[in-house]
Amino acid sequence: MFKEDESILIDGAQKMGINLHKEQIKKFSRYLELLVQWNQKINLTSLKTPQEIIIKHFLDSISCIKVINKYINIEGISIIDVGTGAGFPGIPIKIVCPSISLSLLEARKKKTIFLEKIIEEINFQKVEVLNGRAEAFGKCPDYREKYDIVLSRAVALLSTLSEYCLPLVRVGGLFVAQKGRSYKEEIDKALKTVQFLGGELIGVENVRIPFINQERHLLIIKKIKDTPSKYPRKEGLPQKRPL
Ligand code: SAM
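Thresholds, definitions, all that
- Residues numbered from 1 in each chain as written.
- Predicted model: local features only at pLDDT ≥ 70, side-chain atom pairs only at ≥ 80, totals over all residues.
- Heavy atoms only, no water.
- Helix = DSSP H or I, 4+ residues; strand = E, 2+ residues; numbered from the N terminus.
- Expected span 1.5 Å × (residues − 1).
- Bend = angle between axes of the 7 residues up to and from the residue.
- Phe/Tyr/Trp six-rings, centres within 6.5 Å; stacked < 30°, edge-to-face > 60°.
- Buried < 20%, exposed > 50% of the residue type's maximum accessible area, 1.4 Å probe, protein only.
- Lys NZ or Arg CZ within 6 Å of the ring centre and 35° of its normal.
- Axes fitted to C-alpha atoms, helices over the stretch in contact; angles between N-to-C directions.
- Parallel < 35°, antiparallel > 145°, perpendicular 65-115°, else oblique.
- Left-handed = near helix turned anticlockwise from the far one by under 90°.
- Contact = heavy atoms within 4.5 Å.
- Nonpolar A, V, L, I, M, F, W, Y, C, P; charged D, E, K, R; others polar.
- Polar contact = N/O pair within 3.5 Å; in protein donor to acceptor, adjacent residues only side chain to side chain.
- Pairing = 2+ DSSP bridges.
- Near = heavy atom within 4 Å.
- Salt bridge = Lys/Arg side-chain N within 4 Å of Asp/Glu carboxyl O.

**Student:** Help me out: how do you make sense of helix H3 (residues 50-71) in this one?
**Tutor:** Residues lying three or four places apart along an α-helix face the same way, a consequence of the helix completing one turn every 3.6 residues. With 22 residues, H3 extends 32 Å from end C-alpha to end C-alpha; this agrees with the ideal 32 Å at 1.5 Å per step. Within H3, the axis deviates most sharply at leucine 59, by approximately 35 degrees.

Dropping the structure here:
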């Protein structure tokens, strides 16, 4: 990573109250390198420059940490990142908080090959890659209602996303959705679905990402009761016919 890119990462993290140490910077640097390299072969991200990747992927991903810590101590907990793509927000969070157990769930095989490569290169412990759809994992007893936190960014509208994510959260745990400008309309449309699937919206947190002026909101949904066993419905339905 060039010095000026490194400064953006370090300063940006610091502005969010995160002091990155040398080892963590090295990990971000290797991640960036591989992301740029693999992006020439498979479509992992539309962001091309290291600066854009650092700000809009790395800093944006770790912006969740402080907010999550307001609700639950992130140290040592289990997190699943649903529709992680090239690893966002899960991998940057793991670099900053190595004690978490992380599952990276992604439907597209090609992307999971990249994720496996990253895990091997960075030598992460307690990270697994799951290839498949959230609808299938949400039905599987090994994953259903097992996670302290389910995270998701840029995957689907809240109504659909709730059916992907809430079945995976343990009762008492959190579903955290990273959303942009249209968060209010999404909430209005999905509130009943969230409640029906066992969730309760307990917070909407505005987050500022250093160096850019774009709205980001974290929706904090607590799982207060079991999700009815019928849900999630079969693959594709949550998107085609949101509840
Ligand atoms: N979360 C990443 C980010 O913010 O950069 C990736 C966002 S990308 C726009 C959405 C990803 O979600 C895609 O890689 C897609 O394959 C995955 N996805 C969509 N629906 C899914 C589902 N039902 N189960 C698992 N992955 C899904």
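Having put the structure on the table, let's press on.
**Student:** Even after reading the chapter, I still don't get the packing of aromatic side chains, so can you show me in this structure?
**Tutor:** Two measures describe an aromatic ring pair: the distance that separates the ring centres and the angle between the ring planes. Going through the model one piece at a time under the given rule, you end up with seven aromatic pairs. Residues phenylalanine 137 and tyrosine 143 carry aromatic rings whose centres are separated by 5.0 Å and whose planes lie at 80 degrees to one another, so their mutual orientation is edge-to-face. Relative accessible area serves as the criterion here: at 14%, phenylalanine 137 is assigned to the buried category. With a relative accessible area of 17%, tyrosine 143 lands in the buried category. Looking at lysine 41, its charged tip hangs above the ring of tryptophan 38, at a distance of 4.4 Å from the centre.

**Student:** Could you clarify how one ought to interpret the packing of helix H1 (residues 3-15) against H3 in this entry?
**Tutor:** Two numbers describe a pair of packed helices, the interaxial angle and the distance between the axes. For the pair H1 and H3, interaxial distance at closest approach is 10 Å and the crossing angle is 20 degrees. Compared by their axis directions, H1 and H3 come out roughly parallel. For H1 against H3, the interelement crossing comes out right-handed. Taking contact as the criterion, the partners of Asp5, Ile8, Leu9, Gly12 and Ala13 in H1 are, on H3, Pro50, Gln51, Ile54, Ile55, Phe58, Leu59 and Ile62. Looking at the contact of H1 with H3 residue by residue, the classes come out as nine nonpolar, two polar and one charged.

**Student:** What's the story with the side chain of glutamine 178 in this structure? I'm lost.
**Tutor:** Along the polypeptide, glutamine 178 turns up in strand E5 (residues 169-179). Among the polar contacts made by the side chain of glutamine 178, one reaches the main-chain carbonyl oxygen of aspartate 60 at a distance of 3.2 Å. Leaving out residues up to four positions away in the same chain, glutamine 178 has contacts with Asp60, Ser63, Cys64, Pro89, Ser152, Arg153, Ala154, His217 and Leu218.

**Student:** Can you help me understand the sheet that holds strand E3 (residues 127-131) in this one?
**Tutor:** Within a beta sheet, neighbouring strands are joined by backbone hydrogen bonds and run either parallel or antiparallel to one another. Ordered in space as E3-E2-E1-E4-E5-E7-E6, the seven strands form an open sheet in which the pairing is mixed. Strands with a single pairing partner mark the edges of an open sheet, and in this sheet they are E3 and strand E6 (199-207). Between one strand and the next, the sheet's axes are offset by a mean angle of 20 degrees, whatever the strand orientation. One ladder, built from eight bridges, connects E6 with strand E7 (residues 216-223); its direction is antiparallel. Directly across from glycine 199, in E7, lies its bridge partner lysine 223. Of the strands in this sheet, strand E4 (147-153), E5, E6 and E7 are in contact with H3, which crosses E6 at around 125 degrees. On top of the sheet, helix H5 (residues 109-122) reaches strand E2 (101-106) and E3; it is set at about 170 degrees to E3, its chief contact.

**Student:** Hey, could you run me through the site of the ligand in this one?
**Tutor:** In the vicinity of the ligand, 16 residues are found, and the nearest of them are Gly83, Phe88, Glu106, Ala134 and Arg153. A distance of 2.9 Å is found between an oxygen atom of the ligand and a side-chain nitrogen or oxygen belonging to lysine 111. With respect to the ligand, the side chain of arginine 133 contributes an N or O atom lying 3.1 Å from a nitrogen atom. Residues that form the shell around the ligand fall into these classes: six nonpolar, four polar and six charged.

**Student:** Is there a simple way to think about the pattern of salt bridges in this case?
**Tutor:** Between side chains of opposite charge, a pair can form when the charged atoms approach closely. Scanning the model with the defined rule gives 13 salt bridges in all. Between arginine 153 and aspartate 60 there is a salt bridge, with the nearest N and O atoms lying 2.6 Å from each other. Residue arginine 153 is located in strand E4, and its partner aspartate 60 is located in helix H3; the two are separated by 93 residues in the primary sequence. On the basis of relative accessible area, arginine 153 is assigned to the buried category, the value being 15%. By relative accessible area, which is 2% here, aspartate 60 ends up buried. Salt bridges sharing partners connect three or more residues here, namely Arg30, Glu33, Lys117 and Glu121.

From the geometry alone we can't say anything about function, so treat these as descriptive.
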